[in-house]
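Chains, contacts and geometry: an overview
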There are 4 protein chains.
Amino acid sequence: MATKEEIVKGFRVRELLEATRRVIARNGFQGTTIDRVAEEAKVAKGTIYLYFPTKEDLLHAAILEGLRAMVSETAEADNPELPPLERISELVRNQFRIQSSNEHFLKAFFLESSFVNFEPGDVRGEELRRVYIDHLEFLASVLGLAIRAGVLRPTDPQFAAFMLSDMITASIRRRLLGLASTPIEADADAVLEMFLKGVLAP
Amino acid sequence: MATKEEIVKGFRVRELLEATRRVIARNGFQGTTIDRVAEEAKVAKGTIYLYFPTKEDLLHAAILEGLRAMVSETAEADNPELPPLERISELVRNQFRIQSSNEHFLKAFFLESSFVNFEPGDVRGEELRRVYIDHLEFLASVLGLAIRAGVLRPTDPQFAAFMLSDMITASIRRRLLGLASTPIEADADAVLEMFLKGVLAP
Amino acid sequence: MATKEEIVKGFRVRELLEATRRVIARNGFQGTTIDRVAEEAKVAKGTIYLYFPTKEDLLHAAILEGLRAMVSETAEADNPELPPLERISELVRNQFRIQSSNEHFLKAFFLESSFVNFEPGDVRGEELRRVYIDHLEFLASVLGLAIRAGVLRPTDPQFAAFMLSDMITASIRRRLLGLASTPIEADADAVLEMFLKGVLAP
Amino acid sequence: MATKEEIVKGFRVRELLEATRRVIARNGFQGTTIDRVAEEAKVAKGTIYLYFPTKEDLLHAAILEGLRAMVSETAEADNPELPPLERISELVRNQFRIQSSNEHFLKAFFLESSFVNFEPGDVRGEELRRVYIDHLEFLASVLGLAIRAGVLRPTDPQFAAFMLSDMITASIRRRLLGLASTPIEADADAVLEMFLKGVLAP
DNA sequence: GATGAATGAGCGTTCATTCAT
DNA sequence: AATGAATGAACGCTCATTCAT
């Protein structure tokens, strides 16, 4: 059961993590310093160390929470009762919307960090990977259902899920690199069409 | 005409760039310091500054050369006389081979840096983007030919090229994240199949 | 109103500036490094940067304060009600006393730096020059009064002030170069006599 | 007797010292590096170390020679047969001319370095001081003659020589600080008048 | 608990000096 | 003798972390 202190602590932690993400969004990972986070959170520098033992832990927690928010928002927006194809279609559209609304934090995340800053075997890295893998498995399960329903060809759903997820990220990245000329609304459809139909002439 | 000194200088530059890429591979971009490069190249710190005016220039040159090597190797392995589909197939297979052989350096590059470390407008960043864009345009031109030949559906070849390139990178990334259970040789085929046919049931 | 923190900060700043002047005195401007100042002030290197953004700012502030102390001490010791000649005489005597008590810092300042270390147009250099020029103008105004009172010949008071100031400095420099055999008390009188009467036989 | 090698060596040394003074003139003492001197002398960096064991020795020799040139030019321009007052007058005018023609090197010397860069007891510092003292003694001897001739008041000629020399330097410094509005030709007369007659009303 | 002044290891960079050619 | 590539100590500065208040 949560004591009053724990609740207060929870608030502080949340504030710190949000401030951290804002700083990441504004300055990138490189430019994220403890000083800046403290200033953004309107808290003394030392205070951060009451809640996080190192900067890496703070960053990790901020990313993890941000990623979890994105992932769970995806899951919540999912409607399992839709026909498989429409469900997938909605998922893609939702994910586009989510990543675009979160854009600022995710921009830095997808362009700069990914999952590399942690050594293989590092607990925090594993945790991060875990969240991502859970997300992929959720996608894979949806794809798996569609395959079993005969709507999709029998392919490796894990592989397909990874590719689908990456294609979404990729088209956002493409936009951030200044290589997209189409309006952003068209991206979800373009990704979906390519994912579903490929490029081969019928 | 190259004098003897220029040749020696060329060797040193190459050694330094290779050492730099090894350090990037081992420590990531964040962890790449002049000290470490010097140690890796078995050279005093100051020596590096005889060949590169700043650390950024060194990193840029190392990345640029690594990227160019990858790109030009792709172009050289291309056989324009193949039928469109086989040509694309070969391109994908080649790129897989190339990116896997370069694996260590490219890992850090594709996972960590992308093209972000340079401010927009930075000459070096633009140069880097240019190389990448050239590569994409080459892919796009091959896809464009296939479209005009009626082998591929009429789609935006730029978009398709970006996605294809990214799918290759993604499946390597997937492997680096420990999410692949299939043998690496199967990746190229899997990417190709998805790219060409999509996942939709016929 | 000064808070407690501001007072403490003021102490630190003063300690740092004094330490800086001691280091300048001991090692000259060339030999003044942040490390040495930190050691002299018994403070970690980084601490200095909490109070001064760059080394140049630290040096500038230390010199400026040292110069201002000298200049304002001169002004305060001035007695405007004395007859012109006695007033000038007192001014010279006072300046000798002041410059000799500050000797160590001023030695380096007058022998090494002058006002050169700052580019023309540099705000800090201008500030330094300003203090010096103000001092000269104060001297010039006193000389100007004496001229209008008919006690001094009509000459350019700006020029005379510069020369008088420099003669004082010069005779201290002469002492530092080991060229003086007379007791230091005699210097003020010697300078005054030369300044007032010149060397020409009557 | 000078061997051929010694003559060649003499040429090189002279070239190096001249190059050094040009670099000092252009970049100040701070900005004088071995690299720049080597480039200015069109010689490899290592070559300098065949002739001078350290940078300090090079600088010292360059200053010493530059100072000697100035001093001996003063002595050569002297006409001992002139009446004392005219002789002094000519000396001052000549020194102004010399220091103004050498202006570039001397500017840095008089504004930046003086004699301080060498520890007391340092052989090179003493040598420098010696040249300067010799010059002062020459001036003092001329003043002494004038005193004995009854043209100047009986004063300490050493002191007077130092002051006269410094007043010349000071008025050049004043000009370099941007504090002079009169034409440069007037400086010599102004210094002379002040030195001879002082500022006191008759 | 909260603060923020203090710390010092570590960074990128410069440059006097050395030494193999 | 002459070269200039190589060296590495030293510099100014940053910033994650600590700790007295």
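All values derive from a computational prediction rather than experimental measurement.

Definitions and limits used
- Each chain carries its own residue numbering, running from 1 in the direction its sequence is written.
- Each chain takes a letter, starting from A, and each ligand takes a number, starting from 1, following the order in which they are written.
- The model is predicted, so local features are restricted to residues of pLDDT at least 70 and side-chain atom pairs to those at 80 or more, both for listing and for counting; the totals for chains, interfaces and linings are taken over all residues.
- To get the side-chain values, all heavy atoms of the structure are used, and hydrogens and water are removed first.
- Whether two residues are in contact is decided by their heavy atoms, any of which lying within 4.5 Å being enough.
- For salt bridges, the criterion is a side-chain nitrogen of Lys or Arg within 4 Å of an Asp or Glu carboxyl oxygen.
- What qualifies as a polar contact is a pair of N or O atoms within 3.5 Å, subject to a donor-acceptor requirement within protein and to the restriction that residues adjacent in sequence count only when both atoms come from side chains.
- The helix count covers DSSP runs of H or I at least four residues long, the strand count covers runs of E at least two residues long, and both are numbered beginning at the N terminus.
- Each copy is superposed on the other by least squares, with the fit set by C-alpha atoms of residues at a pLDDT of at least 70 in both.
- A quick way to say it: buried area is the sum, across both parts, of accessible area lost when two parts are put together, with a 1.4 Å probe.
- Whether a residue is near a molecule or strand is decided by its heavy atoms; if any one of them lies within 4 Å of it, the residue is near.
- Gly counts as polar in this scheme, as do all residues outside two lists: the nonpolar Ala, Val, Leu, Ile, Met, Phe, Trp, Tyr, Cys and Pro, and the charged Asp, Glu, Lys and Arg.
- An axis is simply a line fitted to the C-alpha atoms; with a helix, the fit covers only the stretch in contact. Between two such axes, the angle follows the N-to-C directions and lies from 0 to 180 degrees.
- Oblique is the label for every angle not falling under 35 degrees (roughly parallel), over 145 degrees (roughly antiparallel), or within 65 to 115 degrees (roughly perpendicular).

1. Some remarks on the interface of chain D and chain C
- With 43 residues of chain D at the interface, the matching set in chain C holds 41 residues.
- Between C:Arg153 and D:Glu193 there is a salt bridge, with the nearest N and O atoms lying 3.0 Å from each other.
- At the junction of chain D and chain C, the tally comes to 14 residue pairs in polar contact (both at pLDDT 80 or more).
- Listing elements by their share of the side of chain D that touches chain C, those giving two or more residues are α6 (103–113), α7 (123–148), α8 (157–176) and α9 (185–197) of chain D.
- The element that contributes the greatest number of residues to the side of chain D that touches chain C is α8(D), accounting for 11 residues.

2. Some thoughts on the relation of the copies chain B and chain A
- Note on the identical chains: chain B maps onto chain A by a rotation of 176° and an axial translation of 0.0 Å, with an RMSD of 0.9 Å. Look at the turn and shift together and you get a two-fold axis relating the two.
- Mapped onto chain A, 100% of the interface residues of chain B again fall at the interface, so both copies present the same surface.

3. Considering the relation of the copies chain D and chain C
- Placing chain D over chain C gives an RMSD of 0.9 Å and needs a rotation angle of 176°, together with 0.0 Å of translation along the axis.
- Here 95% of the contact residues of chain D are again contact residues in chain C; the copies associate through an equivalent surface.

4. Notes on the interface of chain B and chain A
- Contacts between chain B and chain A engage 43 residues on the former and 44 residues on the latter.
- Surface buried jointly by chain B and chain A totals about 4,200 Å² across both partners, of which 66% is contributed by carbon and sulfur atoms.
- Contact with chain A buries area across many residues of chain B, yet B:Arg153, B:Phe159 and B:Val199 alone supply 18% of it, more than any other trio.
- Linking chain B with chain A are 4 salt bridges.

5. A short note on the protein's contact with DNA strand F
- Taken together, 28 residues surround DNA strand F, and among them B:Arg12, B:Thr47, B:Tyr51, D:Thr47 and D:Tyr51 come closest.
- Restricting the count to atoms of DNA strand F within 4 Å of the protein gives a sugar and phosphate share of 64%.
- Between DNA strand F and A:Lys55, the relevant distance is 2.7 Å, taken from a phosphate oxygen to a main-chain nitrogen or oxygen of the residue.
- Contacts to DNA strand F include D:Ala44, whose backbone N or O atom sits 3.3 Å from a phosphate oxygen.
- Within the residue set of the surface near DNA strand F, elements represented by two or more residues are α3 (45–51) of chain A, α3 (45–51) of chain B, α3 (45–51) of chain C together with α3 (45–51) of chain D.

6. Details of the protein's contact with DNA strand E
- Around DNA strand E sit 28 residues, and of these A:Thr47, A:Tyr51, C:Arg12, C:Thr47 and C:Tyr51 come closest.
- For DNA strand E, the fraction of atoms within 4 Å of the protein that belong to sugar or phosphate moieties is 64%.
- B:Lys55 places a polar side-chain atom, nitrogen or oxygen, 2.6 Å from a phosphate oxygen of DNA strand E.
- The separation between a base oxygen of DNA strand E and a polar side-chain atom of C:Lys45 is 3.2 Å.
- Secondary structure elements with two or more residues in the surface near DNA strand E: α3 of chain A, α3 of chain B, α3 of chain C together with α3 of chain D.
- Here the residues of the surface near DNA strand E are counted per class, giving 11 nonpolar, 9 polar and 8 charged.

7. What about the packing of helix α4 (residues 55–77) of chain D against α7(D)?
Residues and elements named next belong to chain D.
- Where α4 contacts α7, the two axes come as close as 10 Å, and the packing angle between them is 10°. Taken together, α4 and α7 sit at an angle that is classed as roughly parallel. Where α4 approaches α7, its residues Glu56, Asp57, His60, Ile63, Leu64, Leu67, Arg68, Val71, Thr74 and Ala75 are matched on the opposing element by Arg124, Glu127, Leu128, Val131, His135 and Phe138.
- Among the residues forming the contact of α4 with α7, the class breakdown is 8 nonpolar, 3 polar and 5 charged.

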